[in-house]
Structure formats: structure tokens, C-alpha cells
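# Report on the structure
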Amino acid sequence: TKEILRNTSVIMMVHQAMYHYGVSGVQDMMTPYMYCAEEKILDRYLESLAKAGVGVVVTEQTLMNIGRGFSVRYFGFVSGGEGADNIKLYECLDAYTEGKRKQMKNSNTVFQNALRLFYANDFYQARNTFKEVLRMDEQDEIARWYLFHCEYQLNRNEAEVFHGLFENVIRDREYDKV
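Residues numbered from 1 in each chain as written. Predicted model: local features only at pLDDT ≥ 70, side-chain atom pairs only at ≥ 80, totals over all residues. Heavy atoms only, no water.

### Some remarks on the nonpolar core
Formed by 41 residues in total, the largest nonpolar core has its most connected members in Phe 75, Phe 111, Phe 130, Ile 142, Tyr 146 and Leu 165. If you list the elements that add at least two residues to this core, you get α2 (37-43), β4 (56-59), β5 (72-78), β6 (87-92), α5 (98-119), α6 (123-136) and α7 (141-155). Counting residues per element, this core draws most heavily on α5, at 7 residues. Setting aside anything within four residues of it in sequence, one finds Phe 111 in contact with Arg 73, Tyr 74, Phe 75, Phe 130, Val 133, Asp 140, Ile 142, Ala 143 and Tyr 146. (Core = buried A, V, L, I, M, F, W, Y, C linked by side-chain atoms within 4.5 Å. Buried < 20%, exposed > 50% of the residue type's maximum accessible area, 1.4 Å probe, protein only. Helix = DSSP H or I, 4+ residues; strand = E, 2+ residues; numbered from the N terminus. Contact = heavy atoms within 4.5 Å.)

Okay, structure coming up:
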């Protein structure tokens, strides 16, 4: 079991949303249900976030309600789907060791600048800036994903641009299921 635990990634996502509760069925065949569209959207990204080594993710909706009594780093958004808002994601730095937290705080200004360049479709400058982030913290797998995505966009000028975090991976995975 130690080997299984060593190869298991754990991620916790904290999100606040409206849920629909209800009961469906008739008489003896009734069952309760709980539905939240945002939960289904966020669930699609958990595997990619876990592989990237993100420990605790907090959405912007949650941060607005609980305040900022802890260290976070904005690291992107996921697409909310048709007609829905994007969901902004923050990495809770307090979930890491003091050394890793300090390293991520030190590289955060450069990381945010790289994101700004990425969202502006300046993939050449964004790539170089994400490289700088990785020189500061070579374990930053989110910066590494953005770096590879910038390379992808630079090498495929005709490729559709997806700004959402892991959106190209998620779309490929869902396309493969069809």
C-alpha cells in the first residue's frame, strides 16, 4: 500500500456554488439527487491539476466569500461552458512547505507577468517569461504547462488559441472519447 500512496496525487478544490437538491421518482422508487453544473465543469480538470502537483485549489467565488487570510497565487481559469462565466483558479500556497511557499511567492510577480503576456497572445514573450519562472522554481508544473502551450502556439500558427488552463488537454481527452 505504501507504493500505491507514493504514486497517488491528492488535490483538494474549494468552491462555493448553488446546488439544486431534489427527489425524483415515484412512491417506493424515489431517490434524492444533488446537481451543480459548475461541479461537473471543475471535475473535468482535477486529473490535470493533480498531475501538475497542485495541492489546494480555491476558486475566485470562494475567495470573495472567505477573504484573503492566506497566501494564494492566481494561476488561470477554466472555461465555464456555453453562456457561463469562466472560473478563476487560485493555488493555496499555504498547503506547501515553507521553502516551496517562499519559492513560489518569489516567482509570483514574474509568473503573473507571463500570464498577462499569454492572455495577450504574445506567446514568444510569454514563453521566455515562463522559462524565467522555471529558472526560479523548476518544480512549477503549471508554469511548465504554459511554456509548452506557448511553444505549441508558436509552432502551429493556424491552431485555435485556448486561454483556459488545460483546455487543449481536456478538449483532446473528450474528443478521444467520442
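### Here we look at α7
Counted at 1.5 Å a residue, the expected span for α7 with its 15 residues is 21 Å, and the 21 Å between its end C-alpha atoms agrees. Three or more residues of α7 are buried, namely Ile 142, Ala 143, Trp 145, Tyr 146, Leu 147, His 149, Cys 150 and Gln 153. The N-cap residue of α7 is Asp 140: its side-chain oxygen and the backbone nitrogen of Ile 142 are 3.2 Å apart. (Expected span 1.5 Å × (residues − 1). Polar contact = N/O pair within 3.5 Å; in protein donor to acceptor, adjacent residues only side chain to side chain.)

### With respect to the packing of α5 against α7
How two helices sit against one another is set out by the angle between their axes and by the gap between those axes. Two elements in contact, α5 and α7, have axes separated by 12 Å at closest approach and are oriented at 30 degrees. With respect to their mutual orientation, α5 and α7 come out roughly parallel. Crossing geometry of α5 relative to α7 is assigned as left-handed. Along the contact surface, α5 presents Phe 111, Leu 115, Phe 118 and Tyr 119, while α7 presents Ile 142, Ala 143, Tyr 146, His 149 and Cys 150. Of the residues assigned to the contact of α5 with α7, the class counts are 8 nonpolar, 1 polar and no charged. (Axes fitted to C-alpha atoms, helices over the stretch in contact; angles between N-to-C directions. Parallel < 35°, antiparallel > 145°, perpendicular 65-115°, else oblique. Left-handed = near helix turned anticlockwise from the far one by under 90°. Nonpolar A, V, L, I, M, F, W, Y, C, P; charged D, E, K, R; others polar.)

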